[in-house]
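# Residue-level structure breakdown
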Amino acid sequence: MTYQTLQQAAETRRSVYALNKNLPLPAGEVAAIIEHAVKHTPSSFNSQSTRVVVLFGAEHEKLWRFAEDALRAVVPAGQFEQTAQKLAMFKAAAGSVLFFEDQDVVKGLQAQFPLYADNFPVWAEHSNAMHQYAVWTTLAAAGIGANLQHYNPLIDAAVAREWNIPASWTLRAELVFGGIAAAAGEKAYAPLDDRFKVYGA
């Protein structure tokens, strides 16, 4: 493997919203891709506090029905049509990956290393974000489109009830994935001079 292979995967990863249920790989292989990321993504103090649940098919569609129910309670009826269209777009995909953080692990580290107590929740979020990126980028390299959503905490209670999620797990993000019905649009990049510096090379 060359570093260019990783760079190409990074360039391939985009927010793809036009998704369908036609995955280019069997569901089992997709699950294995996600499992690999869970195993090999780093975490502070090797805490491994990120938890992941993968939903396919009817289970995935159930998630977005929960989101619709939750949003109907907070979005004015006259403005709900646009929200409904967005949720239908997510439901049309093949699956969702739910990313959680196990607060029992975080609290355990805070108790064990009190000097760093304030940092462990932040570091846990960093690790969770790396898991999201690892899964998203690897799926992109496999020809699977995805987009990242954050309907937590509105859907937390329904998710916990339906899939027996432990009380210590906090939902952080939902990655919707599926076959690519239409490619992502062009992406604008801010000037790198404002974002990247090198000294001493």
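For every chain, the first residue of its written sequence is number 1, and the numbers climb from 1 along that sequence. Local features in this predicted model are restricted to residues of pLDDT 70 or higher, and side-chain atom pairs are both shown and tallied only at a pLDDT of 80 or more, whereas totals for entire chains, interfaces and linings draw on every residue. In computing side-chain values, all of the structure's heavy atoms are included and hydrogens and water are not.

Per an unreviewed UniProt entry, the protein is named Nitroreductase, and its organism is Neisseria bacilliformis ATCC BAA-1200. Under the Subcellular location (unreviewed entry) heading, UniProt states for the protein: "Cytoplasm". UniProt positions are given in the numbering used here, feature names are shortened, and annotations may be inferred rather than shown by experiment.

In this structure, Leu63, Trp64, Leu98, Ile155 and Val159 are the most contacted members of the largest nonpolar core, which totals 25 residues. Numbering of helices and strands runs from the N terminus, with a helix taken as a DSSP run of H or I at least four residues long and a strand as a DSSP run of E at least two residues long. Among the elements that take part in this core, helix α3 (residues 57-72) stands out by supplying 6 residues, more than any other. Should any heavy atoms of two residues lie within 4.5 Å, those residues are counted as being in contact. If sequence neighbours within four positions are ignored, Trp64 has contacts with Leu87, Phe90, Lys91, Ser96, Gln149, Tyr151, Glu174 and Val176. For the purposes of this section, nonpolar cores are sets of buried Ala, Val, Leu, Ile, Met, Phe, Trp, Tyr and Cys residues that join through side-chain atoms within 4.5 Å. Partly exposed residues are those whose accessible area sits between 20% and 50% of the maximum for their type, while under 20% is buried and over 50% is exposed, using a 1.4 Å probe and protein chains only. In terms of nonpolar packing, the next biggest core, distinct from the first, is built from 14 residues, Val97, Phe99, Trp136 and Ala173 among them.

Let us look at the packing of helix α5 (residues 103-112) against helix α6 (residues 120-141). Viewed as axis vectors pointing N to C, α5 and α6 meet at an angle of 140°, and their least axial separation amounts to 9 Å. The orientation of α5 relative to α6 falls into the category oblique. Once α5 is placed against α6, the crossing between them reads as right-handed. Contacts between α5 and α6 pair Val106, Leu109 and Gln110 from the former with Phe120, Pro121 and Ala124 from the latter. When grouped by side-chain class, the residues that make up the contact of α5 with α6 number 5 nonpolar, 1 polar and no charged. Under this scheme, a helix contributes an axis fitted over its contacting stretch, all axes are lines through C-alpha atoms, and angles between N-to-C directions fall in the 0 to 180 degree range. Just so you know how the angles are binned, under 35 degrees is roughly parallel, over 145 roughly antiparallel, 65 to 115 roughly perpendicular, and the rest oblique. In a left-handed crossing the near helix is turned counterclockwise from the far helix by less than a right angle, and in a right-handed crossing that turn is clockwise. Residue classes follow a fixed rule: Ala, Val, Leu, Ile, Met, Phe, Trp, Tyr, Cys and Pro count as nonpolar, while Asp, Glu, Lys and Arg count as charged, and any other residue, Gly among them, counts as polar.

Further remarks concern unusual backbone geometry. Trans is the prevailing form of peptide bonds, just as negative phi is the prevailing case for residues other than glycine. Of note, the bond from Asn152 into Pro153 is cis; its omega dihedral lies within 30 degrees of zero at 5°. Here Pro153 shows up in the loop between β4 (145-149) and α7 (156-162). One non-glycine residue, Asn46, lies in the positive phi region at around 50°. Relative to the helices and strands, Asn46 is located in the loop between α2 (27-40) and β2 (50-56). According to the relative accessible area criterion, Asn46 is exposed, its value standing at 54%. Positive phi values are uncommon outside glycine, yet Asn164 reaches one of about 50°. By secondary structure assignment, the location of Asn164 is in the loop between α7 and β5 (169-180).

Like-charged residues within 9 Å of one another, or nonpolar side chains (Val, Leu, Ile, Met, Phe, Trp, Tyr) within 5 Å, are grouped into patches, provided each residue has over 30% relative accessible area and no salt bridge. Method for areas: the Shrake-Rupley scheme with a 1.4 Å probe, in which residue coverage is limited to the protein chains shown. Take a side-chain nitrogen of Lys or Arg and a carboxyl oxygen of Asp or Glu: if they are within 4 Å of each other, that pair is a salt bridge. A cluster of nonpolar side chains, namely Phe45, Leu115 and Tyr116, defines an oily patch on the protein surface of about 340 Å² accessible area. With respect to the helices and strands, the residue Phe45 is situated in the loop between α2 and β2. Phe45 sits in the partly exposed class, given a relative accessible area of 41%.

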